[in-house]
Amino acid sequence: MILILLSGSLAFGQTRRVTGRVTATQDGSTLPGVNVVVKGTTIGVSTDSDGNYSINVPDDKNILTFSSIALISQDIPVNKRSVINVKMAEAVNELAQVVVTGYNSVQKKDITGSMVSVTSDKFKELPVTSFDQALQGQAAGVLVTQSSGTPGGGISVRVRGSTSISASNRPLFIVDGVPVEDGGLSSVGTGGQNDNAFALLNPNDIESIQILKDASAKAIYGSRAANGVVLITTKRGKNNEKTTITAEVQRGMTEIIRKPRLLNSTELLDLQREALVNAGQDPDKFGLIKGVTDAINTDWVDAVTRRGLYQQYQVSATGGNERTRFYLSGNYRDEQGVLIANSFQRMSGTLNLDHKANSKLSFGTNLTLARAMNKRVLGDNSLNGVYSGAVNSLPFFSPYNELGQLLVPGDPNYSQRNYNPVGEALFPRQNVISVKVLGGIYAEYELLDNLRFRSKASIDYNSVIDDDYFPTTTWAGGISEGVGGQGLGVYTASVAATFINTNTLTYSALFNEKHRLNVMLGHELINRTDRSSFVQGRLFTSDDFTYISSAGVVDQGSSSLANSGLLSFFGEARYDFKERYLFTLTSRYDGSSRFGRERRFGFFPSASAAWRISSEEFMKNFRDLSDLKLRASFGYTGNERIGNFQFLGTWGATTYSGSSGLGPSSVANPLLQWERTREANVGLDASFFNGRLTFSVDAYSNLTDKLLFAQPIPLTTGFGAVQGNIGKVSNKGAELSFSTINMDKGFRWSTDLNLSHNVNKVVELDTPEPLYRGYEASGATSTNIILPGQPLGTFWGLKFLGVDPATGDAIYEDKNQDGRITPDDAQVIGNAQAKLFGGMTNRLSWKGFDLSVFFQFSYGNKVLNLTKTSTVNTGASLDFNQSKDALKRWQKPGDITSIPRYEFENTYNNYHSSRFVEDGSYLRLKNVTFGYNVNKKWVNRIKVTSARVYVSATNIWTLTQYSGSDPEVSTLDGSTSAQGIELNTLPQVKTGMVGLSVTF
């Protein structure tokens, strides 16, 4: 290192030190990796990740040459100046695009790993609540699914498949260098759905998103990188940018994309009478009388849904000069859910500030403050859920009495079978109040020429309060067993705070105009604190007094404190020769408090190389070829995202014969360590016709071993399992990204397409016994299973062979051929993983008008329509409304159908089987946006720099064979082993809105 530093500082005779920053002509962004050479010498440097450089220029030399393959070279006279800032224009489209690669930034042309960038222009006019929604269909290898239509609800993100069974499969999300809280924030369940921590971050503040996919790109994050890394860069001011103020308004409406097709009262009455007659029973004795029972006909789904309103307002200011750059914004979002009483509001503000004190020292800060109010309702598979109750409720009942008042427990007309979904929405208070503080300060100092030290301290602070009360007019507060019928109150408060200190030392050098070297060494300390408290009260004196202080009995409560930490050392070395042969070595050494002393530290290395074939002499005749680069990488990443203290033999409070004491809670495993993923990747990047046609193709093979998994142990130990490292999971696949500029002569038309194929497989488990997951299932052990040789998300059940035309009974495959249909005949009946997924966007523009059309699709995945076990239940129960599909049932000998006959309390025909597994493939017109940029001559007259008006519609149309409301939703939000199940899940919503953006 000393020799390198000395060689970078050599100069002959008297010299002048010149510093500066290189930026892009197009948008003022800083450009890393630009070669800066004293013309006529071998003295040269390379700009760092922020576009900065410093070079010693001999007094007898006066020209600096700035060059890069993707940029138009420039010769700049020094003329005795000590500061020279340069703007450079692109020579080839997109290759000069700057992408964040972790703790560094590079030009796209210098990437040796597999990563994809999504810029803000691809989602800035989409009415998304959180930025992870904006990734759907935009990036190859990234599968994003929205679990339900709840505003602020959970989003599932998977990068190159699922690597783990029990540990988290979510990528590591980093905002401006800070690892942020992901997943759900609320600790109170409302069914299978979670809320979304990312809903606290304003997508309009984001400049770009980078997804790191292979080991070379993400090994710099070591033990947390196995599931991919998503880097979010927020907007910042740019050099020589005059202060601009932008005001934006969006207003629109939302409604459910597709309502379930349910029977009306008369249709259901006929069906239920038929089921009773087939069972030899008298329907009249069950109160099922024509003209009487069906006198009321309530559409319960209509009763609990509405057309929601959506509005968002934002004001931002940005500007900068050679010394100071800033970005400031304020945002308010109000989204009314399609379920009555459901809404989400967010207020947020962001400040990003960068200041260059002198040629050596710069510092800055980023700060985001946000507060959200999420008014939730019970949903999904909750017994008393709002949407689930509406789907299942019998149309014979009404939500209101003769006076127009909502029916409540105790009223003779109140349904004890399906409760009152309207009341379950309107009466309870289920508020989640979240506050987020995300901020950091940094300082960077140039110790020697092109040797920079950077230190940053950051915090991600999340405070969440769940404030719930269920009055006597609800099931939980009025008739639930054990509550007492006088109201139920729950109040929880939790804080998750993460402190991060990152220190890096970076050196950049250019030797003989051919050899370019960038070395980075770093240290990082992460300290996380989780605090939570909970209290429950019941027997309230009145529904007018709804907080715990008014409870007659406070019978449950708890509090907890947990600390965890990560100590890391990392390094990266990049070398290229003539920008033709590129090499990258990356490694990280992590120590985690979640593992025992003997296995606390882990080492995660990677190596990658790239060959720019287009720079070879034998390629000179291919004039239409702008760039052709072959990439390859290999390395290891890890996963430590499990709970705390699982390597310890923990103790907890217990009681024995009425006395309190301590007892063992878990078995120790001092050898517990990271999951480890071995990753290999080969890729090819190509650009033709000056960037008008570009594509990237990647093939990868990943194997995860040492799975963090609850290993079964004999029950004679007093425990059922111990946390261990067992089993293997593999993911293999291919990805294609394709971009074209089809027309660019006045009328511009461009197309972006990405396709992804991933094959997931459980390679090995610790035991040959199958592991059952999901829900319990009638006629089979469970709905899902984990088996070696099968992918995660595999469905388990009986194989349905059809309906016997003579009897109308279901026919199942007798797999073990014992003459009986039992759970032993269950087998694999499908899996939830798609064979192919992706998205395509077409953009057209002409004379200020522009149109964007975005399609997103999934092919080959199966969906377990568990809703049908109640809505097409073949008469097993009379407590649920039925789907229109029930009209296709078998009724007489000779009928050919796939719906068995209806017979009261006949559960055989409703066994869990492949009858409920459907093709979940779909093609969705995800978004259409049409806009107009008002002629500047018109707006300049009123002192406005620019103005834009646009209309946007989301989830407009879906092509699918799936019979349910939405093939994308998933009841068990975020589940890996039981994904792709729909059980009374609220479908997504379609949104139509208008927007106005004005810049001053």
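What counts, and at which threshold
Residues numbered from 1 in each chain as written. Predicted model: local features only at pLDDT ≥ 70, side-chain atom pairs only at ≥ 80, totals over all residues. Heavy atoms only, no water. Helix = DSSP H or I, 4+ residues; strand = E, 2+ residues; numbered from the N terminus. Rg over C-alpha atoms; globule rule 2.2 N^0.38 Å. Buried < 20%, exposed > 50% of the residue type's maximum accessible area, 1.4 Å probe, protein only. Contact = heavy atoms within 4.5 Å. Areas by Shrake-Rupley, 256 points an atom, 1.4 Å probe, with all protein chains shown as cover. Lys, Arg positive; Asp, Glu negative; His and termini not counted. Charge placed at Lys NZ, Arg CZ, Asp CG, Glu CD. Pairing = 2+ DSSP bridges. Axes fitted to C-alpha atoms, helices over the stretch in contact; angles between N-to-C directions. Salt bridge = Lys/Arg side-chain N within 4 Å of Asp/Glu carboxyl O. Patch = residues over 30% accessible without salt bridge, like charges linked within 9 Å, V, L, I, M, F, W, Y side chains within 5 Å. Core = buried A, V, L, I, M, F, W, Y, C linked by side-chain atoms within 4.5 Å. Polar contact = N/O pair within 3.5 Å; in protein donor to acceptor, adjacent residues only side chain to side chain. Phe/Tyr/Trp six-rings, centres within 6.5 Å; stacked < 30°, edge-to-face > 60°. Lys NZ or Arg CZ within 6 Å of the ring centre and 35° of its normal.

Undergrad: Account for the overall build of the protein chain, naming residues and giving values.
TA: Along its length, the protein chain carries 10 helices and 51 strands. Rg of the C-alpha trace for the protein chain: 31 Å, near the compact-globule value of 30 Å for 1000 residues, within the 12% margin. Projected onto its principal axes, the C-alpha coordinates of the protein chain cover approximately 110 × 75 × 60 Å. Residues counted as buried form 56% of the 1000 residues belonging to the protein chain. Intrachain contacts of the protein chain at a sequence separation of at least 6 include 70% that bridge at least 24 residues. With an accessible surface of roughly 40,100 Å², the protein chain has 56% of that area assigned to carbon and sulfur atoms. Charge separation in the protein chain, taken as the distance between the mean sites of 97 positive and 93 negative side-chain charges, equals 9 Å.

Undergrad: How would you summarise the sheet that holds strand β1 (residues 15-24) if you had to cite specific residues and measurements?
TA: Taken together, 3 strands build an open sheet; the order of strands is β4-β1-β7 and the sheet is mixed. The sheet terminates laterally at β4 (52-58) and β7 (86-88), the two strands that pair on one side only. Along the sheet, successive strands turn relative to each other by an average axial angle of 35 degrees, direction set aside. Two elements, β1 and β4, share 7 bridges in a ladder whose sense is antiparallel. Within β4, the position partnered with Arg16 by the bridge is Val57.

Undergrad: Which residues make up the environment of Val939, and what are the values?
TA: The residue Val939 is located in helix α10 (residues 936-939) in this model. Beyond its immediate sequence surroundings of up to four residues, Val939 is in contact with Val934, Val944, Thr945, Ser946 and Ala947.

Undergrad: Give a description of the pattern of salt bridges that names residues and reports values.
TA: Evaluation of the coordinates by the stated rule reveals 57 salt bridges. A salt bridge links Arg528 to Asp530; its shortest N-O distance comes to 2.8 Å. The salt bridge involving Asp966 is made with Arg924; its shortest N-O contact spans 3.0 Å. Placement of the pair is Asp966 in the loop between β49 (946-960) and β50 (981-982) and Arg924 in strand β48 (residues 922-933), with a sequence separation of 42 residues. The class of Asp966 is buried, set by a relative accessible area of 1%. Exposure remark for Arg924: the relative accessible area of 0% places this residue in the buried category. It is possible to trace a salt-bridge network through shared partners that takes in Arg17, Asp48, Asp50, Glu444, Glu446, Asp449, Arg452 and Arg454.

Undergrad: Would you mind going over a nonpolar patch on the surface in detail, with residue names and values included?
TA: Together, Val249, Tyr313, Tyr332, Met347, Val949 and Leu996 give the surface a local cluster of nonpolar side chains, amounting to about 460 Å² of exposed area. One can find Val249 in strand β17 (residues 241-256).

Undergrad: Lay out the environment of Ser434 with the relevant residues and their values.
TA: With respect to the helices and strands, Ser434 occurs in strand β22 (residues 429-448). Its relative accessible area of 5% is what places Ser434 among the buried residues. Once the C-alpha coordinates of Ser434 and Leu185 are considered, the two residues, 249 residues apart in sequence, prove to be 8.1 Å apart. Those residues within four positions of Ser434 in sequence are excluded, and the remaining contacts are Leu185, Leu200, Ala370, Arg371, Ala372, Ser463 and Val464.

Undergrad: Which residues make up the sheet that holds strand β46 (residues 862-865), and what values do they have?
TA: An order of β47-β46-β50 is seen for the 3 strands of this open sheet, with the pairing classed as mixed. Edge positions in the sheet fall to β47 (917-919) and β50, since each has one partner strand and no second. Note that β46 and β47 share 3 bridges and pair antiparallel. Across the sheet, the residue bridging to Val863 is Glu918, located in β47.

Undergrad: Go over the nonpolar core, please, and point to the residues and values.
TA: Counting 29 residues, the largest nonpolar core has Phe131, Phe173, Ile209, Ile211 and Ile232 as its most contacted members. If you list the elements that add at least two residues to this core, you get β10 (115-119), α2 (131-134), β11 (142-146), β12 (155-159), β13 (172-175), β15 (206-212) and β16 (229-234). Sequence-distant contacts of Phe131, that is, excluding residues within four places in its chain, are made with Phe173, Phe198, Leu201, Pro203, Ile206, Ile209 and Ile232. By size, the runner-up hydrophobic cluster in this structure holds 24 residues, among which are Val22, Ala24, Tyr53 and Val57.

Undergrad: Go over unusual backbone geometry with me, naming the residues and quoting the values.
TA: Excluding glycine, most residues fall at negative phi; most peptide bonds, likewise, are trans. Within the chain, Glu579 stands out as a residue other than glycine whose phi angle is a positive 55 degrees. Within the fold, Glu579 resides in the loop between β26 (551-577) and β27 (581-592). Unlike most non-glycine residues, Lys847 shows phi in positive territory, near 50 degrees. Within the secondary structure, Lys847 is located in the loop between β44 (836-846) and β45 (849-859). What makes Lys847 exposed here is its relative accessible area of 63%.

Undergrad: A description of the pairing of strand β40 (residues 794-797) should follow, citing residues and the corresponding values.
TA: In regular strands, side chains alternate between the two faces of the sheet. Going residue by residue along β40, you find Thr794 and Trp796 tucked away on one face and Phe795 and Gly797 tucked away on the opposite face as well. Where strand β39 (residues 780-786) and β40 come together, 2 bridges link them in antiparallel fashion. Bridge pairing links Asn784 to Phe795 in β40. Judged from the 4 bridges that link them, β40 and strand β43 (residues 827-831) form a sheet pairing that is antiparallel. The residue of β43 that forms the bridge with Thr794 is Asn831.

Undergrad: Summarise the side chain of Asn906; cite the residues concerned and give the values.
TA: By the secondary structure assignment, Asn906 is in the loop between α9 (868-871) and β47. From its side chain, Asn906 meets the backbone nitrogen of Tyr908 in a polar contact 3.0 Å long. A polar side-chain atom of Asn906 sits 3.5 Å from the main-chain amide nitrogen of Asn909. Not counting residues within four places of it along the chain, the set of residues in contact with Asn906 comprises Asp809, Thr874, Gly875, Ala876 and Arg901.

Undergrad: Before we move on, can you summarise the packing of aromatic side chains with the specific residues and values?
TA: Going through the model one piece at a time under the given rule, you end up with 24 aromatic pairs. Summarising the aromatic geometry, the rings of Tyr575 and Phe583 are spaced 6.4 Å apart at their centres and angled 15 degrees between planes, so their arrangement reads as stacked. You can call Tyr575 partly exposed: its relative accessible area is 29%. The class of Phe583 is partly exposed, set by a relative accessible area of 43%. Geometrically, the ring pair formed by Tyr589 and Phe601 is stacked, given 5.1 Å between the ring centres and 20 degrees between the ring planes. Placement of Tyr589 in strand β27 and of Phe601 in strand β28 (residues 601-612) is noted, with a sequence separation of 12 residues between them. Overall, the relative accessible area of 38% leaves Phe601 in the partly exposed class. Members of the aromatic cluster, each reached through a chain of ring pairs, are Phe800, Tyr812, Tyr908 and Tyr911. Taking NZ or CZ as reference, Arg454 lies 4.1 Å from the ring centre of Tyr442, over its face. The aromatic ring of Tyr922 is capped on one face by Arg924, whose charged end is 5.2 Å from the ring centroid.

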